[in-house]
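Geometric and topological summary
If you want the building blocks of each chain, they are given just below.
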Amino acid sequence: MKEIEILIIGGGPAGLCAASAAANLGATVLVLERDGEPGGQLVKQTHKFFGSKKQYAGDRGYQIGNLLIEECKKNPNIEVWTDTTALGVYEDGVVTAERQGKHLKIEPKKIIVATGASEKMIAFPNNDLPGIYGAGAVQTLMNVHGIVPGQRVLMIGAGNIGLIVSYQLMQAGVEIAAIIEASPTIGGYLVHASKIRRAGVPILTSHTIVEAYGQESVEGAIICRLDENWQQIPGTEQDLNVDVICLAVGLSPLTELCFQADCQLKYIAELSGHVPIRNEYLETTRTDLYVAGDVSGVEEASSAMVEGRLAGISAAYSLGYGAGVAPQLQAEALAELSELRSGPAGQKTVKGIMKLMDKGEAVC
Ligand SMILES: Cc1cc2nc3c(=O)[nH]c(=O)nc-3n(C[C@H](O)[C@H](O)[C@H](O)COP(=O)(O)OP(=O)(O)OC[C@H]3O[C@@H](n4cnc5c(N)ncnc54)[C@H](O)[C@@H]3O)c2cc1C
């Protein structure tokens, strides 16, 4: 049995920031990461990030990931176990994990779940044909492994992920037949949409996929227009000759471990699904278990990093570390989160958090 003060499950931006924050206050930390490398979604993000300098705006996602990994490596209080998947959190506080075929037991004093999110799928005929991918999988294939998924792509979803991955496909020499979006407006930043439109790619709002077709793999897709009630309009079908259909239709918080640990969860559409109920310092209804990042509500890497820091400080403080400084650090992180959520995109999150906490006022 491995004993540790703070166990962090997930080595993405939230988990790595939680680790540094807790270890900087003096706590000993173990990070479990199921992939071969920590960094989470950042390892495949080759584009420059927007936002504030405090959250590394202007740097590329993978560069931010490298900075966070380096910070953890330099800190003697932090151990990172890669290729290690957390399997369960039990009533007695023991966490089990699988590492290189071995079953391990860990006994932490505090747990921070920072497992991120999984990609959503949509239902349409033949959606199990080879050639149908999630946008995150396409990013991993191209930007981590250097492999293009095909020659001609239909992108479903015009949020930031759909737009960014489309542009990266174009940079890799892949043709985008169209980006379709069910809602009447483009969800992503217009700066991304404009770049794509200038390159001649149609972005068709109020459109959906009717079906994919192909013998052994995708050979094409039928799309059509939607009316104001989101119903397909007969006679508006178009047949697109594509060998890849890429779904960028949202993410769901990866909360299985929280369910299993008996945390109370609530369905909040604005936070993208079932999320654990937690207090302002990100401690859930299960005492000593915190959440941070996309698992507590899908947002962006910037807020995941700040939430990670807040959870790390709070977990360490509850163990008696940082008595003189932790309250001030917590207040700073809360102020940063409020600032990040003050724009139009952040308002949705604020509304979701208000619903989650059953409050008239948001506590970020
Ligand atoms: C395709 C795509 C493009 C995006 N583009 C942008 C962008 O341009 N700008 C932006 O700000 N945000 C972007 N995001 C969102 C951003 O990446 C996430 O909000 C951010 O990475 C969330 O951080 P996280 O640490 O919560 O989760 P993640 O980065 O997903 O990290 C979670 C980590 O936990 C690990 N894990 C999960 N379960 C277990 C387990 N049981 N045991 C051990 N490890 C586990 C995972 O392997 C992963 O490494 C994008 C997301 C996607 C999917």
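Everything numeric in this text was worked out from a predicted model, so none of it was measured. (Residues numbered from 1 in each chain as written. Predicted model: local features only at pLDDT ≥ 70, side-chain atom pairs only at ≥ 80, totals over all residues. Heavy atoms only, no water.)

**Remarks on unusual backbone geometry**
Positioned with a positive phi, Asp83 is a non-glycine residue whose angle comes to about 50°. Residue Leu282 is not a glycine yet carries a positive backbone phi of 75°. When you line up the elements, Leu282 lands in the loop between β18 (273–276) and β19 (289–291). (Helix = DSSP H or I, 4+ residues; strand = E, 2+ residues; numbered from the N terminus.)

**Structural notes on the pairing of strand β10 (residues 175–181)**
Side chains on a regular strand alternate between the two faces of the sheet. A large share of β10 lies buried, amounting to six of its seven residues. Across five bridges, the pairing between strand β9 (residues 152–156) and β10 is parallel. When the bridges of β10 are listed, Ile156 appears paired with Ile180. In this fold, β9 hands off to helix α4 (residues 160–171), which returns the chain to β10; that crossover is right-handed. Of the strand pairs in this sheet, β10 and strand β11 (residues 203–205) are connected by three bridges, and their pairing is parallel. When the sheet's bridge partners are listed, Ile180 is paired in β11 with Leu204. In terms of handedness, the path from β10 via helix α5 (residues 190–198) over to β11 forms a crossover that is right-handed. (Buried < 20%, exposed > 50% of the residue type's maximum accessible area, 1.4 Å probe, protein only. Pairing = 2+ DSSP bridges. Right-handed = clockwise from strand over helix to strand, strands pointing away.)

**A few points about the packing of aromatic side chains**
Tallying each qualifying case throughout the model produces zero aromatic pairs. Here the basic side chain of Lys195 rests over the ring of Tyr167, its NZ or CZ set 4.3 Å away from the ring centre. (Phe/Tyr/Trp six-rings, centres within 6.5 Å; stacked < 30°, edge-to-face > 60°. Lys NZ or Arg CZ within 6 Å of the ring centre and 35° of its normal.)

**Things to note about a nonpolar patch on the surface**
The grouping of Phe50, Tyr189 and Val191 at the surface amounts to a nonpolar patch, some 280 Å² of accessible area in total. Residue placement: Phe50 occurs in the loop between β2 (29–32) and α2 (61–74). (Patch = residues over 30% accessible without salt bridge, like charges linked within 9 Å, V, L, I, M, F, W, Y side chains within 5 Å. Areas by Shrake-Rupley, 256 points an atom, 1.4 Å probe, with all protein chains shown as cover. Salt bridge = Lys/Arg side-chain N within 4 Å of Asp/Glu carboxyl O.)

**With respect to the nonpolar core**
Of all hydrophobic cores here, the largest spans 39 residues; its most connected members are Ile6, Ile8, Ala19, Val29, Leu68, Ile78 and Ile112. Put simply, the parts of the chain that give this core at least two residues each are β1 (2–9), α1 (13–24), β2, α2, α7 (301–318) and α8 (326–340). Looking at which element gives the most residues to this core, the answer is α7, with nine residues. Those residues in contact with Ile78, other than ones at most four positions away along the chain, are Ala19, Ser20, Ala23, Val29, Val31 and Cys72. Formed by 21 residues, the second largest nonpolar core is a distinct cluster that contains Ala86, Ile111, Val113 and Leu257. (Core = buried A, V, L, I, M, F, W, Y, C linked by side-chain atoms within 4.5 Å. Contact = heavy atoms within 4.5 Å.)

**Section: the sheet that holds strand β13 (residues 220–225)**
Ordered in space as β12-β13-β14, the three strands form an open sheet in which the pairing is antiparallel. Taken across any chain shown, the strands that pair with only one partner, and hence form the sheet edges, are β12 (207–213) and β14 (238–240). Averaged over all pairs of adjacent strands, the angle between their axes in this sheet comes to 30°, without regard to strand direction. Note that β13 and β14 share three bridges and pair antiparallel. Paired with Ile223 across the strands is Gln238, a residue of β14. (Axes fitted to C-alpha atoms, helices over the stretch in contact; angles between N-to-C directions.)

**What about the domain arrangement of the chain?**
Where interface size is given, it is often the accessible area lost as the parts come together that is meant. Per the domain assignment, the segments making up the chain are domain 1 (2–118 + 251–356) and domain 2 (121–247). Each of domain 1 and domain 2 was reduced to a C-alpha centroid, and the two centroids are 31 Å apart. Roughly 760 Å² is buried in total at the junction of domain 1 and domain 2, and carbon and sulfur atoms are behind 59% of that figure. On the domain 1 side of the interface with domain 2, the three residues burying the most area are Lys44, His47 and Phe50, jointly 62% of the side's total. Our count for the contact surface shared by domain 1 and domain 2 stands at zero salt bridges. If you look at where domain 1 meets domain 2, you find four residue pairs in polar contact (both at pLDDT 80 or more). Looking at the side of domain 1 that touches domain 2 residue by residue, the class counts come to three nonpolar, three polar and two charged. (Domains from an automatic or database assignment. Buried area = accessible area lost by both parts, 1.4 Å probe. Polar contact = N/O pair within 3.5 Å; in protein donor to acceptor, adjacent residues only side chain to side chain. Nonpolar A, V, L, I, M, F, W, Y, C, P; charged D, E, K, R; others polar.)

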